[in-house]
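The residues making up each chain are set out below.
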Amino acid sequence: MTLTLMIQGTTSDAGKSVTVAGLCRVFKRRGLSVAPFKPQNMALNSAVTPEGGEIGRAQAVQAQACGLLPHTDMNPVLLKPNSDTGAQVIIHGKALSNMEAQDYHAYKKRAMAAVLESHQRLCEQYDVIVVEGAGSPAEINLRANDIANMGFAEAVNCPVVIVADIDRGGVFAHLVGTLDLLSESEQARVTGFIINRFRGDIALLQSGLDWLEERTGKPVIGVVPYIHDLHLEAEDAIDSRQTLSENAIKVVVPVFTRISNHTDFDVLRLHPQVDLKFVGKGEAIPPCDLIILPGSKSTRRDLEYLRSNNWHKDIEKHLRYGGKVLGICGGFQMLGRAVHDPDAIEGDAGSTTGLGLLDMETTLGNEKTLRQVSGHLWAGKAKIRGYEIHAGISTGPALDTPFADVGSHRDGARSADGQIIGSYLHGLFDESETRDSLLKWAGLHDVETLDYAEVIESNIDRLADCLEANLDIEALLSPLTRPNKAQ
């Protein structure tokens, strides 16, 4: 008998992702086989599963909390925005097509079938499914054909807990307003509230908790304190927190309009010898040791954005003074002579001139490369491990001097003077040997090795400890029922 619990939030970034990750670890500790699930995710941070599918990175972290490898059934619908009104639609890990918002809204009924298929398969394998909602269930304009929040909860007949972030203020209005905007049947399946990121004396909050329970008839399942320096990969917002030692190199990452997989840089941000700075619109790239051009969901548009901020001039100056440049995925494509999009994969058909720093060109195509890879760097035998998510194929003499040998093929390119590296691999810095080699290449001597996997594991455990101490776990488990398969 499979138990399904859904965590919804009053707003985006209310704490749904971390709550699901923490509860997955809590339930796993209790001897339950547990899996995460997010029916629909809209994010530019994605992960590649072992079977070669694409899901949101938050679900990959949640899978780790369960002690599982990520699987496409954990996030059957992924939307990757490529404009203000459109997105690439990924179903069961594979790109379906680009759709404008109105077209996708009409497609939702078919998307729901994919969602229910995946949920059913997980129910056949695990004791507990912990589901993460998306945004808020009270978005009136999105409620028709909803598959991400209450539409899914109603379809599988599961209980819902609503999370709100008290740190941003207005927590009681958020919770009461959200509940009031739900239908009667939806209100009935809400089994309680979790208040997240509380700072201060809990006694001063008690009168508000009492009022909330009396006003709504729903229990407060717990108040989770603000967990300082919790490091889990962010689903959307870029995290810039860091603690530095005196011996640190300066690394700058320009933030594109459609930056993808900025989680690539989380491990650098946590490294005490890396002073990582994100540079945004209107800011110049300051003097540094290494500039990293990140991935992009709209490479040609972001090339234009790069030039509009005069970052191309900053990069040229940086190279003249001996600095290093690394391009990852879309950032790698930008380093070439041109990016061609004859089939309008990422927008209007056409070509855009690249930075011309590597002798190569890239052509975008309908086939997306999705794979996990491992191998060795070009220099020595440093191990490399990562994953590819790209629609482009790069060709040219620059590729004759590759960045890495990853078994079935060679990845990336290096400039003749050794100042410029390009690679299609995300997660480059997660492997200690690769990270240490790249930091030495960038100019850091006496590199301190950081065990990033252990950092993530310890933070998941720390989160689970906090939830166990501050939530009524039995109250979360008690209302769980078998999904209503007849629906």
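From a predicted model like this one, the values you see are computed outputs, not experimental measurements.

(A) Highlighting helix α7 (residues 206–216). Turning to α7, its buried residues number three or more, namely G208, L209, L212 and T216. Within α7, the buried residues cover an arc of 100° as seen down the axis, which keeps them to one side. In α7, the exposed positions that point more than 90 degrees away from the buried face belong to S207 and E214. Tucked into the core, α7 has its buried residues touching α5 (171–180), β11 (190–198) and β12 (220–225). Note on α7: the residue one or two positions beyond its end, G217, has a positive phi of about 75°.

(B) View of the confidence of the model for the protein. Taken residue by residue, the protein gives an average pLDDT of 92. The fraction at 70 or more is 95%. In the model, residues 481–487 has pLDDT below 50 throughout and makes 18 contacts with residues more than four positions away in sequence or in other chains.

(C) Representation of the nonpolar core in the model. In this structure, L23, F27, I292, I315, L326, L428 and F429 are the most contacted members of the largest nonpolar core, which totals 98 residues. Once residues lying within four places of it in the same chain are set aside, the contact partners of I292 are V251, V252, V253, P254, F265, L268, L326, I328 and F429. Residues A87, I147, A153 and V220 belong to the second largest nonpolar core, which totals 45 residues.

(D) Molecular detail of the pairing of strand β26 (residues 420–423). Every second residue of β26 is oriented toward a common face, with I420 and G422 on one face and I421 and S423 on the other, all of them buried. Pairing of strand β18 (residues 324–328) with β26, which is carried by 4 bridges, proceeds in the parallel orientation. Pairing of V325 across the sheet is with I420, part of β26. Pairing analysis gives 2 bridges linking strand β25 (residues 413–414) to β26, with the strands arranged antiparallel. Residue pairing for β26: R414 is matched across the bridge by I421. Taken together, β25 and the strand that follows it, β26, pair antiparallel across an intervening segment of 5 residues, in which G418 is found at a positive phi of about 80°.

(E) Focus on the side chain of S118. Here S118 shows up in helix α3 (residues 101–123). Only 2.7 Å separates the side chain of S118 from the side chain of D73, close enough to count as a polar contact. Look past the residues within four positions of S118 in its chain and what remains in contact with it is F37, D73, P76 and H92.

(F) The pattern of salt bridges, seen in detail. A complete count under the given rule lists 24 salt bridges for this structure. Between D461 and R25 there is a salt bridge, with its nearest N and O atoms 2.7 Å apart. Of this pair, D461 sits in helix α13 (residues 452–470) while R25 sits in helix α1 (residues 16–29), placing them 436 residues apart in sequence. The class for D461 is partly exposed, based on a relative accessible area of 28%. For R25, a relative accessible area of 6% gives the class buried.

(G) Seen up close, empty space enclosed by the protein. Taken as a whole, this structure holds 2 cavities of 30 Å³ or more when the rule is applied. Its boundaries defined by the atoms lining it, the largest cavity holds a volume of some 180 Å³. Residues of the lining of the largest cavity, tallied by class, amount to 5 nonpolar, 10 polar and 4 charged. Taken together, R57, E233, T263, D264, Y387, G427 and D430 form the lining of the second largest cavity. Among the residues making up the lining of the second largest cavity, the classes are represented as 1 nonpolar, 2 polar and 4 charged.

(H) Highlighting the sheet that holds strand β2 (residues 34–37). A sheet is described by the order of its strands in space; here 6 strands give the open sequence β2-β9-β1-β10-β11-β12, paired in parallel fashion. The outermost strands of the open sheet, each flanked by one partner alone, are β2 and β12. With direction set aside, neighbouring strand axes in the sheet form an average angle of 20°. Bridge analysis of strand β1 (residues 3–9) against strand β9 (residues 128–132) gives 5 bridges, and the strand direction is parallel. Of the residues in β9, the one forming a bridge with T4 is I129. Seen against the sheet, α1 touches β1, β2, β9, β10 (160–165) and β11 and runs at an angle of roughly 170° to β9. In this fold helix α2 (residues 57–66) packs onto β2 and β9, with an angle of close to 170° to the strand it touches most, β2.

(I) The arrangement of unusual backbone geometry in detail. A positive phi angle, close to 50°, is found at H92, a residue other than glycine. Despite not being glycine, D229 has its phi angle at roughly 55°, a positive value.

(J) Structural context of the layout of surface pockets. Volume-wise, the second largest pocket comes out at about 700 Å³. Lining the second largest pocket are 25 residues, with R57, Q64, Q372, R385 and D430 positioned closest to its centre. Contributing elements (two or more residues each) for the lining of the second largest pocket: β4 (46–48), α2, β21 (361–377), β22 (383–395) and α13. Counting residues per element, the lining of the second largest pocket draws most heavily on α2, which supplies 5 residues.

Parameters and conventions
- Residues numbered from 1 in each chain as written.
- Predicted model: local features only at pLDDT ≥ 70, side-chain atom pairs only at ≥ 80, totals over all residues.
- Heavy atoms only, no water.
- Buried < 20%, exposed > 50% of the residue type's maximum accessible area, 1.4 Å probe, protein only.
- Helix = DSSP H or I, 4+ residues; strand = E, 2+ residues; numbered from the N terminus.
- Arc of directions from axis to C-beta.
- Contact = heavy atoms within 4.5 Å.
- pLDDT = per-residue confidence, 0-100.
- Core = buried A, V, L, I, M, F, W, Y, C linked by side-chain atoms within 4.5 Å.
- Pairing = 2+ DSSP bridges.
- Polar contact = N/O pair within 3.5 Å; in protein donor to acceptor, adjacent residues only side chain to side chain.
- Salt bridge = Lys/Arg side-chain N within 4 Å of Asp/Glu carboxyl O.
- 1 Å grid on protein atoms, 1.4 Å probe; cavity = no way out; pocket = protein on both sides within 12 Å on 5 of 7 lines; lining within 4 Å.
- Points joined across faces, edges and corners; volume = space filled by probe spheres on them.
- Nonpolar A, V, L, I, M, F, W, Y, C, P; charged D, E, K, R; others polar.
- Axes fitted to C-alpha atoms, helices over the stretch in contact; angles between N-to-C directions.

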